Amino acid sequence: MTLQALFDDPGAMILATGILVGAAAALIGPFLILRRAAMLTDAISHSIVLGIVLVWLVSGAIKGPLQILGAVLTGLVTVALVEALARSGRVKDDAAIGLVFPALFAGGVLLLNLYAGDIHLDIHSVLLGEIGFVWLDTVAVAGFTVPQAVVTMAVVTLVNGLFVLALWKELKIATFDPALAQALGLAPRAVGWGLLALTSGTAVAAFDAVGAVMFIAFVIVPPAAAYLLTDRLGTMVTLGLGISVGASLSGYALALAWDVSIGGMMAAMTGVALVFALLVGPRHGLVSTALARAARARENAVRALAIHLMTHETSSERRVENVAEAMRTHLGWNAARAAATLARAEAQGHVKRDGEVLGLTASGRAMAAAVLEPWRRDLALVED
Amino acid sequence: MIALLTDYTFQTVAMGAMVLGAVAGVLGVFAVLRQQSLVGDAISHAALPGICLGFLATGSRDLGPIALGALATGGLGALSVLGLVRATRLKTDAALGAVLSLYFAVGIVLLTYIQGQPNAAQAGLEGFLFGQAAALSRADLGLMAALAAVALGLLALGWKEVKLATFDPVFARTQGLPVLALEIGLTVLIAVAVVIGLQMVGVVLMAAMLIAPAVAARAWARRLESMALLAALFGMTAGLAGALVSAAGPQLATGPLIVLAATVIVAVSLALAPERGLVAAWLRRRAQRRRLDEREVLATLLRLGRDHADPDYPAEQGMVDAYHRLGTAGALARLSDHGMVARAAHRPGEGTHWVLTPRGRATAEDDEVRP
């Protein structure tokens, strides 16, 4: 199969577009999430509709470099407006976002209604994208006929990748410690604006394929899923990329099988990754946190038993208190919890039976003493 | 104009827009005050799969089941945001973005699935993306009004509790109020407002209908009650204005116009409100700056008099300027108007000279003891 045959294959080109959109978005998404600016993506991806319409009204171009430039400007203006509103002290950040983007979007929709009734630039495709038709619109590149969307998205992905690689240290410090970045002269604000400019450019490039809202899914969801799986920034970016590509592949297959929106299905599959990470993430997943909580509860029960035994060890009620029955009558545990805790304490060698009476081993006494008489441990340290 | 006002379709649209403006305005007050402005955005996007499910269940475009479905998934979306923020390390912004885009994506998948079915009634379903006010029927309007009445009625019943939970949740908890339940209840009411707005403005622009009237009202009002009333008024005004302008031409969609009208109200309010307005704040700052300039000029004149051992020492204006490194003509003119300084005779060819009047000296000396 020649390369040109690949470029002529609609399925392969749709898939390539989806993968490139996912990759370009997943490169910048982690930083947006960590900077708590995820909803700026929402604002930008909606308000650049106005930019697209304005550029079209002025120049007649529906896509291409001019459109990307216009989108970058619109995106930055959006963020500047949000920041200015928030800085005026009259409006909180979130309300500022919710004021600016609907206004700009509404303006764009109205202009479309007024001037663009008969051309290809309609609201429907702006909002939802038409990834299924990307292979129709081609350009010539190095002797090959390649879909325009694939070329644009490849360039944008490359730019995003270079930005992240070249400014890795700056991005990292500016994200986690803006004050340090400022002190080191790493221009965190410039880095932030650069990131938002790339977000705007990526959004407009991805528009034709997946539209405004699904673009948000690609920017936010794969990195969010990765964030639940790892604590390292590098791993987070890589995992996000992997999740994006996986979602594009599986989403495409499912969309074909069920005859539904390809872009929608690809975006929805990133959600499956998020739910998966949410459930089984190694440290932050619901299952592992529930397991850890249960383990701590069991540990605490054994410790509570040891403390109970030590409290009454030398008293006259020893024969009444330090028996298995007392765990239910005095500690208020149910039979199952009492039995399980006693068995665990015995198995771990903290408690031994002496007929009816329960006694502490040396390790059990040490565990109880650590809570009841913490000074002994401190004294032991001094004596050592 | 009269013909327009008596037009059946226009009446329906205008009334629908005003119902939406009122209910979204009041509930938006709480969304904005609780810094959950964008929850409405998440709810409205999350309503899309519910719209499709409501349609799939009945196979018709009746607003009833569609509204029920929208309410269900919209509410579920809002709870997903709350759950994600509480149970994971994701922050509110990421949770909002993830929920709104994912539910919307599922909605689009369902929408395209429906479009693949042989059912003529599905044609108008996409109108919910941007609203289709013109397609509003009197039955739809009745449903909207009923939903609005229920939502506002429930809010009125729990007004005191919701107010306390909004401004001081910790104290509310110590008083035994179920703060989490109130939060969830309020979120559900916001979801009701979103559902009311879907037909009018669509899922994308609904966020503004909750936020804009409340932000505008906040500029004018100090009390929650007056803020809620004003927000309702602003919402209704925006709704009516949008309906009126859109009646002027067939290409003018109502939803975007309502949102733009609300944005204009916000801009005017933020600029012109008497206390919190930007113009008022600028005027206040300017008055303070001027007062400070005047006092400093007085102090300069007093010190010059002392340095020259002549209380009535006539100081040349250019010298005062030099001391202050800026033009003091305005400050001196105002001081002269207030009788604090007076012009003094000077040789021809020199600039204006000023001396302190007794009142000016008293004020300047007073400033010295109480700096």
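As shown above, the structure is provided for reference.
Since the structure is predicted, the reported quantities are computational estimates derived from the model, not experimental observations.

Asker: Give me the overall build of chain B: which residues, what numbers.
Answerer: Looking only at helices and strands, one finds 16 helices and three strands in chain B. Expected size for 371 residues packed as a compact globule is a radius of gyration near 21 Å; at 30 Å, chain B overshoots this value by more than 25%. When the backbone C-alpha atoms are referred to their principal axes, chain B occupies close to 100 × 55 × 35 Å. Of all 371 residues assigned to chain B, the portion counted as buried reaches 51%. Sequence-distant contacts in chain B: of pairs separated by 6 or more residues, those separated by 24 or more amount to 69%. Element-wise, carbon and sulfur atoms account for 63% of the exposed surface of chain B, whose accessible area totals about 16,300 Å². Counting 29 positive and 25 negative side-chain charges, chain B places the averaged centre of each group 4 Å from the other.

Asker: So, the overall build of chain A: which residues are in play, and what are the values?
Answerer: What chain A contains, in helices and strands, is 18 helices and four strands. Radius of gyration (C-alpha) of chain A: 30 Å, far over the 21 Å computed for a compact globule of 384 residues. The 384 residues of chain A split such that 52% are buried. Long-range pairs, those at least 24 residues apart, make up 67% of the contacts in chain A between residues at least 6 apart in sequence. When the accessible surface of chain A is split by element, carbon and sulfur atoms take 65% of a total near 17,000 Å².

Asker: Break down a nonpolar patch on the surface for me, citing the residues and quoting the values.
Answerer: Residue and element names in this part refer to chain A. Nonpolar side chains collect at one region of the surface, where V275, F276, L279, V280, L286, V287 and L291 lie side by side and expose about 620 Å² of accessible area between them. Breaking the nonpolar patch down by element, the ones donating at least two residues are α12 (262-280) and α13 (286-312). It is α12 that contributes the most residues to the nonpolar patch, four residues altogether. Tracing the backbone shows V287 in helix α13.

Asker: Pulling in residues and values, what's your account of the packing of aromatic side chains?
Answerer: A full pass over the atoms with the stated rule returns three aromatic pairs over all chains. Judged by centre distance (5.6 Å) and plane angle (70 degrees), the rings of F7 of chain A and F144 of chain A are edge-to-face. Taken together, the residues span a long stretch of sequence, with F7 of chain A in helix α1 (residues 3-8) and F144 of chain A in strand β2 (residues 144-147) at a distance of 137 residues. According to the relative accessible area criterion, F7 of chain A is buried, its value standing at 18%. Summarising the aromatic geometry, the rings of F31 of chain A and W168 of chain A are spaced 6.1 Å apart at their centres and angled 80 degrees between planes, so their arrangement reads as edge-to-face. With F31 of chain A in helix α2 (residues 10-34) and W168 of chain A in helix α8 (residues 168-176), this pair connects stretches of sequence that are 137 residues apart. Over the ring of Y227 of chain A we find R89 of chain B; its NZ or CZ atom is 4.0 Å from the centre of that ring.

Asker: Report on the pairing of strand β3 (residues 353-356) of chain B, specifying residues and quantitative values.
Answerer: Two faces belong to every sheet, and in a regular strand the side chains alternate between them. All names here are of chain B. Neither face of β3 is open: one carries H353 and V355, the other W354 and L356, and all of them are buried. Here two bridges tie strand β1 (residues 315-316) to β3, and the two strands are oriented antiparallel to one another. If you follow E316 over to β3, its bridge partner there is H353.

Asker: Lay out the layout of surface pockets with the relevant residues and their values.
Answerer: Volume-wise, the largest pocket comes out at about 1,200 Å³. Lining the largest pocket we find 41 residues, and of these R35, R36, A37 and D93 of chain A together with D93 of chain B sit closest to its centre. Counted by class, the lining of the largest pocket contains 22 nonpolar, seven polar and twelve charged residues.

Asker: Break down unusual backbone geometry for me, citing the residues and quoting the values.
Answerer: Generally, phi is negative for residues other than glycine and the peptide bonds are trans, each holding for most cases. The backbone phi angle of D259 of chain A is positive, close to 55 degrees, even though this residue is not glycine. Located in the positive-phi region is Q35 of chain B, a residue other than glycine, with phi close to 55 degrees. Considering the arrangement of structural elements, one finds Q35 of chain B in the loop between α2 (8-33) and α3 (39-58). Take Q35 of chain B: its relative accessible area is 46%, and that puts it in the partly exposed class.

Asker: Break down the sheet that holds β1 of chain B for me, citing the residues and quoting the values.
Answerer: Sheet strands line up and pair through hydrogen bonds in the backbone, either parallel or antiparallel. Residue and element names in this part refer to chain B. Across the sheet, three strands lie side by side as β1-β3-β2; this open sheet has antiparallel pairing. Every other strand in the sheet has two partners, leaving β1 and β2 (341-344) as the edge strands with one partner each. Of the strand pairs in this sheet, β2 and β3 are connected by four bridges, and their pairing is antiparallel. Residue pairing across strands places R343 opposite W354, the latter belonging to β3. Its contacts with the sheet put helix α13 (residues 278-307) on β1, β2 and β3, and the angle it makes with β3 is roughly 85 degrees.

Asker: Explain the nonpolar core to me, using residue names and the numbers behind them.
Answerer: In terms of nonpolar packing, the biggest core is built from 209 residues, with L127 of chain A together with F104 and M200 of chain B touching the most fellow members. Broken down by element, this core gets its largest block of residues, 28 residues, from helix α10 (residues 179-220) of chain B.

Asker: Pulling in residues and values, what's your account of α13 of chain A?
Answerer: Each full turn of the α-helix corresponds to 3.6 residues, which orients residues three or four apart in the same direction. Along its 27 residues, α13 of chain A runs 39 Å from first to last C-alpha, staying within 8% of the 39 Å computed at 1.5 Å per residue. For α13 of chain A, every residue scored as buried is listed here: S288, A301, V302, L305, A306, H308, L309, M310 and H312 of chain A.

Asker: Tell me what's going on with the side chain of D42 of chain A, and back it up with residues and numbers.
Answerer: Relative to the helices and strands, D42 of chain A resides in helix α3 (residues 38-59). Residue contacts for D42 of chain A: discarding those within four places in its chain leaves F101 and I216 of chain A together with D41 and L100 of chain B.

Asker: Summarise the interface of chain A and chain B; cite the residues concerned and give the values.
Answerer: Contacts between the two partners involve 57 residues from chain A and, on the opposite side, 50 residues from chain B. Both faces considered, chain A and chain B share a buried interface measuring about 4,400 Å² in area, 77% of it formed by carbon and sulfur atoms. At the junction of chain A and chain B, the tally comes to one salt bridge. Put simply, R89 of chain B and D231 of chain A hold a salt bridge, and the shortest N to O gap is 3.0 Å. Where chain A touches chain B, the interface holds twelve residue pairs in polar contact (both at pLDDT 80 or more). Looking at the side of chain A that touches chain B, the elements that each hand over two or more residues are α2, α3, α5 (93-115), α6 (123-128), α10 (188-229) and α12 of chain A. Broken down by element, the side of chain A that touches chain B gets its largest block of residues, 15 residues, from α5 of chain A. Here the residues of the side of chain A that touches chain B are counted per class, giving 37 nonpolar, 13 polar and seven charged.

Asker: Give a description of the packing of α3 of chain B against α10 of chain B that names residues and reports values.
Answerer: All names here are of chain B. It is the contact of α3 with α10, at a shortest axis distance of 8 Å, that shows an interaxial angle of 85 degrees. Overall, the two elements α3 and α10 adopt an arrangement that is roughly perpendicular. Contacts between α3 and α10 involve V39, G40, D41, I43, S44, H45, A47 and I51 on the former and, on the latter, T187, I190, A191, V194, L198, V203, V204, M206, A207 and L210. Class assignment of the residues belonging to the contact of α3 with α10 gives a composition of 13 nonpolar, four polar and one charged.

Asker: How would you sum up empty space enclosed by the protein? Please name residues and give values.
Answerer: Residues and elements named next belong to chain B. Taken as a whole, this structure holds one cavity of 30 Å³ or more when the rule is applied. Put simply, the largest cavity is a space of about 40 Å³. Lining the largest cavity are L63, A67, L143, M144, L147, V195, I196 and Q199. Counting residues per element, the ones that place at least two in the lining of the largest cavity are α4 (63-87), α7 (138-157) and α10. A per-class count over the lining of the largest cavity returns seven nonpolar, one polar and no charged.

Asker: Quick one: what's the story with the packing of helix α8 (residues 159-167) of chain B against helix α11 (residues 224-246) of chain B, residue by residue and with numbers?
Answerer: Residue and element names in this part refer to chain B. In the contact formed by α8 and α11, the axes pass within 12 Å of each other and the chain directions differ by 105 degrees. What the angle tells us is that α8 and α11 run roughly perpendicular. Taken together, the residues of α11 that come into contact with α8 (itself represented by W159, K163 and F167) are L224, E225 and A228. Residue composition of the contact of α8 with α11, by class: four nonpolar, no polar and two charged.

What counts, and where the lines are drawn
- Residues numbered from 1 in each chain as written.
- Chains lettered and ligands numbered in written order.
- Predicted model: local features only at pLDDT ≥ 70, side-chain atom pairs only at ≥ 80, totals over all residues.
- Heavy atoms only, no water.
- Helix = DSSP H or I, 4+ residues; strand = E, 2+ residues; numbered from the N terminus.
- Rg over C-alpha atoms; globule rule 2.2 N^0.38 Å.
- Buried < 20%, exposed > 50% of the residue type's maximum accessible area, 1.4 Å probe, protein only.
- Contact = heavy atoms within 4.5 Å.
- Areas by Shrake-Rupley, 256 points an atom, 1.4 Å probe, with all protein chains shown as cover.
- Lys, Arg positive; Asp, Glu negative; His and termini not counted.
- Charge placed at Lys NZ, Arg CZ, Asp CG, Glu CD.
- Patch = residues over 30% accessible without salt bridge, like charges linked within 9 Å, V, L, I, M, F, W, Y side chains within 5 Å.
- Salt bridge = Lys/Arg side-chain N within 4 Å of Asp/Glu carboxyl O.
- Phe/Tyr/Trp six-rings, centres within 6.5 Å; stacked < 30°, edge-to-face > 60°.
- Lys NZ or Arg CZ within 6 Å of the ring centre and 35° of its normal.
- Pairing = 2+ DSSP bridges.
- 1 Å grid on protein atoms, 1.4 Å probe; cavity = no way out; pocket = protein on both sides within 12 Å on 5 of 7 lines; lining within 4 Å.
- Points joined across faces, edges and corners; volume = space filled by probe spheres on them.
- Nonpolar A, V, L, I, M, F, W, Y, C, P; charged D, E, K, R; others polar.
- Axes fitted to C-alpha atoms, helices over the stretch in contact; angles between N-to-C directions.
- Core = buried A, V, L, I, M, F, W, Y, C linked by side-chain atoms within 4.5 Å.
- Expected span 1.5 Å × (residues − 1).
- Buried area = accessible area lost by both parts, 1.4 Å probe.
- Polar contact = N/O pair within 3.5 Å; in protein donor to acceptor, adjacent residues only side chain to side chain.
- Parallel < 35°, antiparallel > 145°, perpendicular 65-115°, else oblique.

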